[in-house]
Amino acid sequence: MKKNVTVIGHRGIAAAYPENTLISFEKAVEAGVDAIEFDVHMTRDEQLVVTHDPTVNRCSNGTGDVNSYTLNQLKALDFGKWKSPEFTGTRIPTLDETLDAIHAKRPELFLLVELKDDREACTRMVLDVLRRRNLLGNSLVLSFHSRQLKLLRELEPGIRLQGFPHRYLKIPCPELYDFIDKVCIWNHEASAAEVEEFHKRGIEVDVYPVDDELQLEKVLALDIDSITTNAAHTMIPLLEKRGLR
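Scoring rules and cut-offs
Residues numbered from 1 in each chain as written. Predicted model: local features only at pLDDT ≥ 70, side-chain atom pairs only at ≥ 80, totals over all residues. Heavy atoms only, no water. Helix = DSSP H or I, 4+ residues; strand = E, 2+ residues; numbered from the N terminus. Rg over C-alpha atoms; globule rule 2.2 N^0.38 Å. Buried < 20%, exposed > 50% of the residue type's maximum accessible area, 1.4 Å probe, protein only. Contact = heavy atoms within 4.5 Å. Pairing = 2+ DSSP bridges. Right-handed = clockwise from strand over helix to strand, strands pointing away. Phe/Tyr/Trp six-rings, centres within 6.5 Å; stacked < 30°, edge-to-face > 60°. Axes fitted to C-alpha atoms, helices over the stretch in contact; angles between N-to-C directions. Parallel < 35°, antiparallel > 145°, perpendicular 65-115°, else oblique. Left-handed = near helix turned anticlockwise from the far one by under 90°. Nonpolar A, V, L, I, M, F, W, Y, C, P; charged D, E, K, R; others polar.

Enquirer: Hey, could you run me through the overall build of the protein chain in this one?
Expert: Summing up its helical and strand segments, the protein chain has eight helices and nine strands in all. Over its C-alpha atoms the protein chain spans a radius of gyration of 17 Å, differing by no more than 12% from the 18 Å that the globule rule assigns to 245 residues. Seen along its three principal axes, the alpha-carbon backbone of the protein chain occupies a region of about 45 × 40 × 30 Å. By residue count, 54% of the 245 residues in the protein chain fall in the buried class. Put simply, of all contacts in the protein chain between residues at least 6 apart along the chain, 54% involve residues at least 24 apart.

Below, the structure written as structure tokens:
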């Protein structure tokens, strides 16, 4: 295992705070993550918002598809109370609000931007935002939809892309490993043999989730490049105790 384990905060610190919200990102920055992962959808009025699910059902007091709402309608929903009453009134952030909040704390922080909306218009808009904000060199775009990744590679040849093993893909893409830079493997499936195979292809390997000490011990035996965790506030101290931060 590498001497300094790269830690990616999954949706901020999703274990303790409402995922994909500004407070979750703020706490991840305070915990000392190396990067933050978050998810992007496009609203009915073509605004980019940060939330994971295709619907608002699980994480808000609303119902229905994210892309059926306008930005103002989404902003009226409570995205915090589902996690805990103390977070009542937490609102959904836009992509720009998310980037502003993260970089106000740590301008150099690396970003993992996951495209959850598979429409081409959303893909192009996210790329435009990264270009406008000069973040192409400080970010990585990921998706389960290989056609989005292929489009991004065509539009911006130097962009860094993360995919997933073929078995996780929604639509097969035999050539995926030829044009991605990184791959994420579920913790319970990660093996030294598969990590080695990806490294032979020049592809970095991330493992998710790494949220407790047992999961951490498993991945420390692998030559992975990073861990993605919902609990950076507890994983980073464990790594520090082992001299791996």
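More follows now that the structure is in view.
Enquirer: Can you walk me through the pairing of strand 4 (residues 110-115) in this structure?
Expert: Consecutive residues of a regular strand have side chains that alternate between opposite faces of the sheet. In terms of burial, strand 4 is a largely internal element, five of the six residues being buried. Bridging between strand 2 (residues 35-42) and strand 4 involves six bridges; their strand directions are parallel. Within strand 4, the residue paired with Asp39 across the bridge is Glu114. Pairing analysis gives four bridges linking strand 4 to strand 5 (residues 139-142), with the strands arranged parallel. Bridging from a neighbouring strand, Leu112 pairs with Leu140 of strand 5. For the crossover that starts at strand 4, traverses helix 4 (residues 120-132) and ends in the parallel strand 5, the hand is right-handed.

Enquirer: So what exactly am I meant to see when it comes to unusual backbone geometry here?
Expert: The phi angle of most residues is negative, glycine excepted, and most peptide bonds adopt the trans form. Residue Tyr208 is joined to Pro209 through a cis peptide bond whose omega torsion reads -10°. Positive phi values are uncommon outside glycine, yet Asn20 reaches one of about 55°. Relative accessible area serves as the criterion here: at 2%, Asn20 is assigned to the buried category.

Enquirer: Explain the packing of aromatic side chains to me, please; I cannot follow it from the model alone.
Expert: Both the distance between ring centres and the angle between the ring planes are used here to describe each pair of aromatic rings. Scanning the model with the defined rule gives eight aromatic pairs in all. Ring centres 3.8 Å apart and planes at 5° place the aromatic pair Phe144 and Phe164 in the stacked group. Highlighted residues: Phe144 in the loop between strand 5 and helix 5 (146-155) and Phe164 in the loop between strand 6 (161-163) and strand 7 (182-186), separated in sequence by 20 residues. For Phe144, a relative accessible area of 14% corresponds to the buried category.

Enquirer: Quick question: what am I supposed to make of the side chain of His10 here?
Expert: Mapped onto the fold, His10 is located in strand 1 (residues 6-10). With relative accessibility at 7%, the residue His10 sits in the buried group. Contacts of His10, omitting those with residues within four sequence positions, involve Glu37, Tyr208, Thr228, Thr229 and Asn230.

Enquirer: Could you clarify how one ought to interpret the packing of helix 1 (residues 22-31) against helix 3 (residues 95-105) in this entry?
Expert: In helix packing, the relevant descriptors are the interaxial angle and the interaxial distance, both defined with respect to the helix axes. Look at helix 1 against helix 3: their axes get within 10 Å of each other, and the N-to-C directions meet at 25°. Relative to helix 3, helix 1 is oriented roughly parallel. Where helix 1 crosses over helix 3, the handedness of that crossing is right-handed. Two secondary-structure elements touch here, helix 1 through Leu22, Phe25, Glu26 and Val29 and helix 3 through Glu97, Thr98, Ala101, Ile102 and Lys105. Partitioning the contact of helix 1 with helix 3 into residue classes produces five nonpolar, one polar and three charged.

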